[in-house]
Amino acid sequence: LYYRIAVWERSVPFAGIAVALAAAFAYATEMLSRREAKPGSASAAAIFATGAIISLALALTFALQKGWLTVSLALMAAGIAYVESKRGLPFLRWLAAAACVLVAVRVGYEPRIVGNDLGTTPIFNWLLWGYGVPAISFWVAGWLLRKRKDDLPSRLADSLAIVFTALFFSMQIRHYINGGDIYRNAVPLAELALHVIVGLAMTIGLERTRMVTKNIVHDLGALLIAALSFCGIYFGLLLFENPFFTGRLVAGSRTINLVTLGYLLPAILTGILAVVYQKTRNEWWRGFAGITAVVLAMAYLTLQVRFLFQGPRLDRFGAGDAELYTYSAVWLVFSVLLLLIGIVRKSQAIRLASAAVLLLTAAKLFFVRDWGLTGVWRALSFVGLGAVLVGIGLLYQRLLFPKKTPPADAIPQTES
């Protein structure tokens, strides 16, 4: 009747009929749940509950269009999970999972949710409702379903919660960087850096979450997002979108600029992730995250020095004596800082990273271009490296070979 009369258009009368059916089926479900348990009563209650939920979904379909329908169906998934947690009807778990899949299919059909009416306002646009509300609803649905049983419906809700959370941030970043056009075929350094930052933050959050839930979905989600983030770091930030290779102008001031966004913030987050991995992952993951943090920090320091001397374009050839000396000085300070951090945290990996940076600095001094330094710059370069090497040697001597004071009973007694 709806197709013959309304022809797929919005129809409030048919929505009212569907709501009335949903209320009738819900009343029947409640009456059956209160009666004495008999053979087949549980199945009958599940059938009526299914009818109520399907009728409600039809009412939403008849009354709402585009984005609001997506939001309503997403909220229905959490609502079904809540009813299941109170009534304990197993079939409702599958209906909650079906509602999650329905929303995923709807968003996959039109990622912009409302087509060309998406808008250009950052954050407060239809992506906020079309991805943010389903993400929250799926997190709630997964938590409610997991309280009773860790099965396929709960894992499906948890999986879609992670997917929609990642899509929400990804789409919002695309929308902001590209002026509302999420289909634009370009990924500049700023956009890639934001994707990496969000990926690392999500990985840290999922690692902390899986320590509590012990959920395989959170475990696999953390690994997958971490892998994508590391690929974005090495193949994107350090290679294909590196301003030293691309020649694109670096926007920002001399202290806070695109290099800060693209390299310093990811370095900090990767270092935090390495600390989190100490409690959640094996040594391989911890070491890889730590190495990545050091590499990003070195890239930031190098590109920042380049920016200070060369301006917003970093691919220019040549460097003056002051710039070459500054590279060596900054790298030496960074190696000493890593050493101190390694000593405080009693981490051999960080101390090895400090040694690697120091060796790289020495190699640059002797084999790259510091031999071309003249006058006072060449003298300062060698004096600085020598002072750092002597200081590090003395520091390790005090750490590895501390002076031992003889015990009190070993001191010879003199006769009075």
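Note that the coordinates shown come from a computational prediction; the quantities given were computed from them, not determined experimentally.

(A) Representation of the packing of helix α5 (residues 90-109) against helix α7 (residues 152-177) within the structure. Relative to each other, α5 and α7 sit at 30°, their axes nearing to 8 Å. Between α5 and α7, the angle falls in the class roughly parallel. Taken as a pair, α5 and α7 cross one another with a handedness that is left-handed. Contacts from Arg93, Trp94, Ala97, Cys100, Val101, Val103, Ala104 and Val107 of α5 reach α7 at Leu152, Pro153, Ser154, Leu156, Ala157, Leu160 and Phe164. Grouping the constituent residues of the contact of α5 with α7 by class yields 13 nonpolar, one polar and one charged.

(B) Main features of the packing of aromatic side chains. A full pass over the atoms with the stated rule returns 15 aromatic pairs. Here the aromatic rings of Phe25 and Phe48 are separated by 6.2 Å at their centres, their planes lie at 45°, and the arrangement is tilted. Taken together, the residues Phe25 in helix α2 (residues 12-34) and Phe48 in helix α3 (residues 41-63) connect sequence positions 23 residues apart. Here Phe48 falls in the partly exposed class, since its relative accessible area comes to 31%. When the ring of Phe168 is compared with that of Phe169, the centres are 5.2 Å apart and the planes differ by 70°; the resulting orientation is edge-to-face. Overall, Phe169 belongs to the partly exposed group, its relative accessible area being 35%. Aromatic rings pair up to connect Phe230, Tyr234, Tyr277, Trp284, Trp285 and Phe288 into one cluster. Above the ring of Trp143, the side-chain terminus of Lys147 is found at 4.7 Å from the ring centroid.

(C) Representation of the confidence of the model for the protein in the model. Scored by pLDDT, the protein has a mean of 86; 88% of the residues are at 70 or more. In the model of the protein, helix α15 (residues 375-400) stands out as the element of lowest mean pLDDT, 63, in contrast to helix α9 (residues 216-240), which has the highest, 97.

(D) α3, seen in detail. The end-to-end C-alpha distance of α3, which contains 23 residues, comes to 33 Å, matching closely the 33 Å that a straight helix rising 1.5 Å per residue would cover. Lining the buried residues of α3 we find α1 (2-6), α2, α4 (66-87) and α5.

(E) Here's a closer look at the nonpolar core. If you look at the biggest cluster of nonpolar residues, it comprises 42 residues, and the most contacted ones within it are Met76, Ile80, Tyr131 and Phe138. Among the elements of the structure, α3, α4, α5, α6 (126-148) and α7 are those that each provide at least two residues to this core. Per-element accounting of this core gives the leading share, ten residues, to α6. Here Met76 is in contact with Ile53, Leu56, Ala57, Leu60 and Ala99, once residues within four sequence places are set aside. By size, the runner-up hydrophobic cluster in this structure holds 39 residues, among which are Leu189, Phe230, Ala274 and Ala299.

(F) Examining the packing of α4 against α5 more closely. Between α4 and α5, whose axes approach to 8 Å, the crossing angle comes to 160°. One element, α4, and the other, α5, form an angle in the roughly antiparallel class. For the pair α4 and α5, the crossing hand works out as left-handed. On α5, the residues that touch Lys66, Gly67, Thr70, Leu73, Ala74, Met76, Ala77, Ile80, Ala81, Val83 and Glu84 of α4 are Leu92, Arg93, Leu95, Ala96, Ala99, Cys100, Leu102, Val103, Arg106 and Val107. Split into classes, the residues belonging to the contact of α4 with α5 amount to 15 nonpolar, two polar and four charged.

(G) Fine view of α6. Between its terminal C-alpha atoms α6 stretches 34 Å, which fits the 33 Å expected from 23 residues at 1.5 Å a residue. A distance of 3.0 Å separates the backbone nitrogen of Leu127 from a side-chain oxygen at the start of α6, and that oxygen is part of Asn125.

(H) Summary view of the pattern of salt bridges. Taken as a whole, this structure holds 15 salt bridges when the rule is applied. Put simply, Asp150 and Arg155 hold a salt bridge, and the shortest N to O gap is 3.2 Å. Notably, a salt bridge pairs Glu241 with Arg248, separated by 2.9 Å at the nearest N-O pair. Owing to a relative accessible area of 15%, Glu241 belongs among the buried residues under this scheme. Look at Arg248 and you get partly exposed, because its relative accessible area is 47%.

(I) Here's a closer look at unusual backbone geometry. In this structure, Ile123 takes a positive phi of about 70° despite not being glycine. Along the chain, Ile123 falls in the loop between α5 and α6. The class for Ile123 is partly exposed, based on a relative accessible area of 49%. At Lys214, a position not held by glycine, the phi torsion is positive, near 55°. Tracing the chain through its elements places Lys214 in the loop between α8 (189-213) and α9. By relative accessible area, Lys214 is classed as exposed at 69%.

(J) Looking closely at the side chain of Glu207. Tracing the backbone shows Glu207 in helix α8. Contact partners of Glu207, with chain neighbours within four places excluded, come to Ala222, Leu273, Val276, Tyr277, Thr280 and Arg281.

(K) Structural view of a nonpolar patch on the surface. Together, Phe235, Leu239, Phe240, Phe244 and Phe245 make up an exposed nonpolar region whose accessible area comes to about 550 Å². Put simply, the parts of the chain that give the nonpolar patch at least two residues each are α9 and α10 (243-246). Among the elements that take part in the nonpolar patch, α9 stands out by supplying three residues, more than any other.

(L) Just the environment of Tyr327, in detail. Position of Tyr327 relative to the elements: it lies in helix α13 (residues 321-345). Along the primary structure Tyr327 and Thr361 are separated by 34 residues, whereas in three dimensions their C-alpha atoms are 8.5 Å apart. Dropping the residues within four chain positions of it, Tyr327 is found in contact with Thr302, Val305, Arg306 and Lys364.

Calculation criteria
Residues numbered from 1 in each chain as written. Predicted model: local features only at pLDDT ≥ 70, side-chain atom pairs only at ≥ 80, totals over all residues. Heavy atoms only, no water. Axes fitted to C-alpha atoms, helices over the stretch in contact; angles between N-to-C directions. Helix = DSSP H or I, 4+ residues; strand = E, 2+ residues; numbered from the N terminus. Parallel < 35°, antiparallel > 145°, perpendicular 65-115°, else oblique. Left-handed = near helix turned anticlockwise from the far one by under 90°. Contact = heavy atoms within 4.5 Å. Nonpolar A, V, L, I, M, F, W, Y, C, P; charged D, E, K, R; others polar. Phe/Tyr/Trp six-rings, centres within 6.5 Å; stacked < 30°, edge-to-face > 60°. Buried < 20%, exposed > 50% of the residue type's maximum accessible area, 1.4 Å probe, protein only. Lys NZ or Arg CZ within 6 Å of the ring centre and 35° of its normal. pLDDT = per-residue confidence, 0-100. Expected span 1.5 Å × (residues − 1). Core = buried A, V, L, I, M, F, W, Y, C linked by side-chain atoms within 4.5 Å. Polar contact = N/O pair within 3.5 Å; in protein donor to acceptor, adjacent residues only side chain to side chain. Salt bridge = Lys/Arg side-chain N within 4 Å of Asp/Glu carboxyl O. Patch = residues over 30% accessible without salt bridge, like charges linked within 9 Å, V, L, I, M, F, W, Y side chains within 5 Å. Areas by Shrake-Rupley, 256 points an atom, 1.4 Å probe, with all protein chains shown as cover.

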